[in-house]
Amino acid sequence: ALERKCGAEKARLVYKSTCPICQAAIGQPVRHSMDHLERAAHAASNADEREIHYDLRSRGVADEYDMDAAASRILRIEAQLEGVTSNPTYISVMSHPIGACFMLSGDSELEYKLPSTVARELGFAAHHAIHHLALVRIIATKTVGLSDLELPQDFGRAPSTVNYDHQIAK
């Protein structure tokens, strides 16, 4: 939608331009979401993995300001996940126990490890990404000038909200 609205070159510029409302560019929530998805996909692909450290990540990397780098990263993660789901041991991989490590305060670098499974962390990463797409929607519509009609109807909306809206519409 961004390339259709702006053209390829302008889309690349807009992707990395800071929105005055959100103080972020589209690339930042995209990179952040891919960080989480990549870590969960890595855990799903590596039976030796015992922890996911969500808050230890790089900022200012290529996919944060380069749309093509972001697209390449998305395709790599997608291929990695397809490899996991095509594996005959898929079910046992999903129940693999793992520690999900998070910083729960900005006052220190202390991480808390919560017991989890690979399947739960893949679900968390996908759900987390949807919420960050809400920020992308705001940037795209309020700063870039895309209309809501140029984005998928439920882009950046929580599945439970979409479901609720469908129930109300009935």
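Above this text sits the structure in question.
Quick summary incoming for the structure in this document. Values in this document were obtained by computation on a predicted structure and should not be read as measured data.

About the cut-offs
- Every chain is numbered on its own, with residues counted from 1 as its sequence reads.
- It should be noted that, the model being predicted, local features are given only for residues of pLDDT at least 70 and side-chain atom pairs only at 80 or more, the latter also being counted only at that level, while totals for whole chains, interfaces and linings use all residues.
- Heavy atoms from the whole structure form the basis of all side-chain values; hydrogens and water molecules are not counted.
- Secondary structure follows DSSP: runs of H or I at least 4 residues long count as helices, runs of E at least 2 residues long count as strands, and numbering of each begins at the N terminus.
- Under this definition, polar contacts are N or O atom pairs within 3.5 Å; protein pairs additionally need one hydrogen-donor-capable and one acceptor-capable atom, and for neighbouring residues in sequence, both atoms have to be side-chain atoms.
- Relative accessibility under 20% of the residue-type maximum defines a buried residue, over 50% an exposed one, and the middle range a partly exposed one, all with a 1.4 Å probe and only protein chains included.
- In this analysis, two residues are considered to be in contact whenever any of their non-hydrogen atoms come within 4.5 Å of each other.
- Criterion for a salt bridge: a side-chain nitrogen of Lys or Arg within 4 Å of a carboxyl oxygen of Asp or Glu.
- Here a pair means two rings of Phe, Tyr or Trp (six-membered ring of Trp) with centres within 6.5 Å. Their orientation is stacked below 30 degrees between planes, edge-to-face above 60, and tilted elsewhere.
- Note on geometry: axes are lines fitted to C-alpha atoms, helical ones only across the stretch in contact, with angles between N-to-C directions running from 0 to 180 degrees.
- In this scheme, roughly parallel covers angles under 35 degrees and roughly antiparallel covers those over 145, while 65 to 115 is roughly perpendicular and the rest are oblique.
- Under the grouping applied here, Gly and all other residues not named as nonpolar or charged are polar, the nonpolar ones being Ala, Val, Leu, Ile, Met, Phe, Trp, Tyr, Cys and Pro and the charged ones Asp, Glu, Lys and Arg.
- Throughout this description, the term nonpolar core refers to a set of buried Ala, Val, Leu, Ile, Met, Phe, Trp, Tyr and Cys residues connected via side-chain atoms within 4.5 Å.

Turning our attention to the environment of Glu150. Along the polypeptide, Glu150 turns up in the loop between helix 7 (118-144) and helix 8 (159-169). The sequence separation of Glu150 and Ala140 amounts to 10 residues, and the corresponding C-alpha distance is 9.7 Å. Side-chain polar atoms of Glu150 contact the backbone nitrogen of Ser147, separated by 2.7 Å.

Mapped onto the elements of the fold, His32 is located in helix 3 (residues 27-45). Taking the relative accessible area as the measure of exposure, His32 reaches 11% and is therefore buried. Through-space distance from the C-alpha of His32 to that of Ala129 is 8.1 Å; in sequence the pair is 97 residues apart. Apart from residues no more than four positions distant in its own chain, His32 is found in contact with Arg57, His128 and His132.

Further remarks concern the pattern of salt bridges. Considering all chains together, one arrives at 13 salt bridges under this definition. The shortest N-O distance in the salt bridge between Arg31 and Glu64 comes to 2.6 Å. Of this pair, Arg31 sits in helix 3 while Glu64 sits in helix 4 (residues 62-65), placing them 33 residues apart in sequence. In this structure Arg31 comes out as buried when scored by relative accessible area, which is 5%. One salt bridge in this structure joins Arg157 and Asp154, with 3.0 Å as the shortest N-O distance. A single network of salt bridges, built from pairs that share partners, joins Arg31, Asp35, Glu38, Asp55, Arg57, Asp63, Glu64 and Arg73.

For the rest of this paragraph, the subject is the packing of aromatic side chains. Pairs of aromatic rings are described using the distance from one ring centre to the other and the angle between the two planes. Overall, the coordinates contain 3 aromatic pairs when judged by the stated rule. With a centroid separation of 5.0 Å and an interplanar angle of 20 degrees, the aromatic rings of Tyr54 and Phe102 are classed as stacked. Taken as a pair, Tyr54 in the loop between strand 1 (51-53) and helix 4 and Phe102 in strand 2 (residues 97-103) lie far apart in primary sequence, 48 residues in all. Judged by its relative accessible area of 16%, Phe102 falls in the buried class.

Glancing now at the side chain of Asp63. Here Asp63 shows up in helix 4. Assessed through its relative accessible area of 6%, Asp63 is described here as buried. At 2.7 Å, the side chain of Asp63 and the side chain of Arg73 are in polar contact.

Turning next to the packing of helix 3 against helix 7. The N-to-C vectors of helix 3 and helix 7 enclose an angle of 170 degrees; their axes lie 9 Å apart at closest approach. What the angle tells us is that helix 3 and helix 7 run roughly antiparallel. Note on element contacts: helix 7 touches helix 3 through Val118, Glu121, Leu122, Phe124, Ala125, Ala126, His128, Ala129, His132, Leu135 and Val136, opposite Pro29, Val30, His32, Ser33, His36, Leu37, Ala40, Ala41, Ala43 and Ala44. Here the residues of the contact of helix 3 with helix 7 sort into 15 nonpolar, 5 polar and 1 charged.

Looking now at the nonpolar core. If you look at soluble globular proteins, the nonpolar side chains tend to sit buried side by side. Among the nonpolar cores identified, the biggest contains 35 residues, and Ile26, Val30, Ala44, Tyr54 and Met94 are the most heavily contacted of them. Taken together, the elements giving at least two residues each to this core come down to helix 2 (8-16), helix 3, helix 5 (67-85), helix 6 (90-94), strand 2 and helix 7. In this view, Val30 contacts Tyr15, Ala70 and Val136; residues no more than four positions away in its chain are not counted.

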